[in-house]
Amino acid sequence: MALKQQLQLKQQQRLSPLQMQVIKLTELPVIELEERIKQELEDNPALEEGLEPTEDASEFDDDYSADDDGNISQEDITLGDYMNEEEIPDYQLRENKQVSSRQEEIPFSVASSLHEYLLEQLRECEFKEEDEKIAEYIIGNIDESGYLDRSLSAISDDLIFQQNIDVSVSRLEELLNVIQDFEPAGIGARSLQECLLLQLKRKEKTETTGVAIDIITNYFDEFSKRHYDKIIKHLGIDEVQMKDIIQEITTLNPKPGNSWGDSMEATLSTIVPDFIVESYNGELFLSLNNRNIPDLRVSREYSDMLKGYADNKESMSNDSKNAVLFVKQKLDSARWFIEAIKQRQDTLQRTMKAIMDMQYDFFLSGDETQLKPMILKDVAERTGYDISTISRVSNSKYVQTNFGIYSLKYFFSESMQTDSGEEISSREVKAILKECIENEDKKKPLTDDRLSEILKEKGYIIARRTVAKYREQMNLPVARLRKEI
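An account of the accompanying structure is given in this report. What you are looking at is a predicted structure, and each value in this text was computed from that prediction instead of being measured.

Side note on the pairing of strand β3 (residues 283-288)
Step number 1: Residues L284, L286 and L288 of β3 are buried on one face, while the alternating residues E283, F285 and S287, pointing to the opposite face, are not.
Step number 2: Bridge count between strand β2 (residues 275-280) and β3: six bridges; the pairing is antiparallel. Residue pairing across strands places I276 opposite S287, the latter belonging to β3.
Step number 3: Hairpin connection from β2 to β3: two residues lie between these consecutive antiparallel strands, with N281 at a positive phi of about 50°.

Right, dumping it as structure tokens:
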């Protein structure tokens with residue numbers, strides 16, 4: 001097939017480095033933005049904290065243009081960190097590698113993991129070398145919830161193929177029984193039933209725990225489906241005893257391994273609001289939470305350095321050209337970052353102002369029934385932004401009000417109509433559903449059909465499947481699983 005050349009004309013839309021920077025920063029909640037600013041201050045020497053005005057070095061931008069002699073082009077200077085790797089000077093690659101290595105050296109957590117804790121307990125057992133390797137492999141297959149997620153026959157096959165250790169399933173069962181005696185109670189279980197039994201067997205021997213073990217062993221399916229009447233009839237116990245047994249079982253931990261993630265989850269779940277909405281004398285006041293976000297400026301020292309290079313560009317050597325490129329890249333990067341922060345703050349301010357205006361009554365009263373139907377498109381039309389921008393702003397952002405802290409997503413809901421034609425938020429319907437379920441007779445909980453009828457009586461025309469959808473969104477179980485004695 002012959003080679004040939006041809007010209008092709010086409011249009012392409014590309015984001016500028018500043019637009020890319022704004023998009024990335026807009027997605028960040030305030031606590032991550034603080035870390036991002038700290039990292040930028042560390043990586044870019046041309047970026048400093050403070051409000052002191054600096055001389056704009058943009059007047060020197062046009063002093064460097066591309067020519068046939070290989071001089072530095074304006075495009076090379078402006079693109080900065082967005083160039084391809086092969087176009088980046090060696091000094092910049094070395095710097096990036098040093099930054100990357102510093103980041104890799106920072107440990108994420110110093111707390112011991114579940115597997116490390118189990119291995120520590122394993123070291124205290126007097127095992128032969130081969131048995132210890134087998135036990136380590138079993139521990140390695142325990143998931144973060146504390147369950148053994150592979151069958152013993154599969155583990156036996158793995159050991160013979162991967163480590164050339166031939167071990168029977170019965171021997172694996174013996175070693176697993178030893179591991180199941182480790183802390184926390186219930187570790188190494190292969191099912192929820194086995195997990196509960198392991199914990200019950202460690203409890204003090206009483207009549208209640210004895211019957212609880214019998215129920216989990218022989219009537220687990222009936223218990224999980226809350227068919228308490230059948231269990232009472234088969235065991236010949238009364239409702240008072242059954243309540244004590246249920247209390248005993250429900251205090252057990254269905255995921256014993258999760259306790260090792262609690263401290264990290266608590267740290268990650270700490271909420272720092274991005275917005276603050278306060279009400280005084282019937283008026284609302286909006287502010288961004290910029291308490292820990294420093295003011296930024298471009299380094300005067302680097303600006304003066306670029307000016308010095310510009311004054312001597314005629315006698316500039318190749319090393320000096322590389323130095324100019326480095327300085328100009330850092331200055332451009334600093335300006336882009338400062339401008340991106342400003343655009344982010346303006347975008348967040350306008351978006352939250354639109355949300356506050358649309359949900360004005362809620363921010364004044366805190367009454368959930370005052371929430372109005374609102375979707376991303378409604379806010380986009382008010383602000384003039386694209387829907388994707390509104391989505392980025394509302395993602396992982398929180399607002400502090402006089403009535404608590406809410407996720408921005410909380411204010412978005414579908415529109416519904418009452419029998420009178422009035423438009424209401426689906427959150428109002430969910431609030432009524434939750435109230436009905438909380439006040440129901442727990443011995444005879446309300447079915448989805450009955451909940452749908454109650455809503456129709458109140459003027460809300462809601463189908464049963466919609467009731468089921470809203471109930472699941474509120475993490476409320478079906479009527480059968482809400483039943484109590």
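Digging into the environment of I23
Step number 1: Positionally, I23 belongs in helix α1 (residues 17-27).
Step number 2: Considering only alpha carbons, one finds I23 and Q343, 320 residues apart in sequence, at a separation of 9.7 Å.

A few points about helix α9 (residues 192-202)
Step number 1: Residues E194, C195, L196, L197, L198, Q199 and L200 constitute the buried set of α9.
Step number 2: Lining the buried residues of α9 we find α10 (207-218), α11 (220-224) and α13 (239-250).

Thoughts on the packing of aromatic side chains
Step number 1: Inspection of every chain in the model, using the stated rule, returns 10 aromatic pairs.
Step number 2: Ring centres 5.5 Å apart and planes at 85° place the aromatic pair Y410 and F411 in the edge-to-face group. Both residues of the pair, Y410 and F411, belong to the buried class.
Step number 3: Linked through ring pairs, F362, F363, Y406, Y410 and F411 together constitute an aromatic cluster.

Comments concerning the sheet that holds strand β6 (residues 404-407)
Step number 1: With mixed pairing, the four strands of this open sheet are ordered in space as β3-β2-β5-β6. Every other strand in the sheet has two partners, leaving β3 and β6 as the edge strands with one partner each. Neighbour-to-neighbour, the strand axes of the sheet open up by a mean angle of 25°, direction not taken into account.
Step number 2: Across two bridges, β2 lies against strand β5 (residues 398-401) in parallel orientation. Within β5, the position partnered with I276 by the bridge is Q400.

So, the pattern of salt bridges
Step number 1: Applying the stated criterion across every chain, the model contains 23 salt bridges.
Step number 2: The salt bridge partner of E35 is K38, with a shortest N-O separation of 3.9 Å. Of the two residues, E35 and K38 both sit in helix α2 (residues 30-43), three residues apart, roughly one turn of that helix.
Step number 3: The salt bridge partner of E136 is R123, with a shortest N-O separation of 3.0 Å. Here the residue E136 occupies a position in helix α6 (residues 129-140), and R123 occupies one in helix α5 (residues 114-123), the gap between them amounting to 13 residues.
Step number 4: Its relative accessible area of 30% is what places E136 among the partly exposed residues.
Step number 5: The network of salt bridges with common partners includes R123, E132 and E136.

Cut-offs used in this document
Each chain carries its own residue numbering, running from 1 in the written order of its sequence. Since the coordinates come from a predicted model, pLDDT governs what is reported: local features require at least 70, and pairs of side-chain atoms require 80 or more to be given and counted, while whole-chain, interface and lining totals use all residues. Calculation of side-chain values draws on the structure's entire complement of heavy atoms; hydrogens and water are dropped beforehand. Remark: exposure states derive from per-residue accessible area (1.4 Å probe, protein chains only) relative to the maximum for the residue type, with buried under 20%, exposed over 50%, and partly exposed in between. Strands here mean DSSP runs of E at least two residues long; helices mean DSSP runs of H or I at least four residues long; both are numbered from the N terminus. Strands are labelled as partners when DSSP assigns at least two bridges between them. A contact between two residues is defined here by any heavy atoms of the two lying within 4.5 Å. Think of it this way: a Phe, Tyr or Trp ring, Trp meaning its six-membered ring, pairs with another when their centres are within 6.5 Å, and the plane angle makes it stacked under 30 degrees, edge-to-face over 60, tilted otherwise. Axis definition: a line fitted to C-alpha atoms, over the contacting stretch in the case of helices. Angles run 0 to 180 degrees between N-to-C directions. In what follows, salt bridge is the name for a side-chain nitrogen of Lys or Arg lying within 4 Å of a carboxyl oxygen of Asp or Glu.

Coordinates in, geometry out; function isn't part of it.
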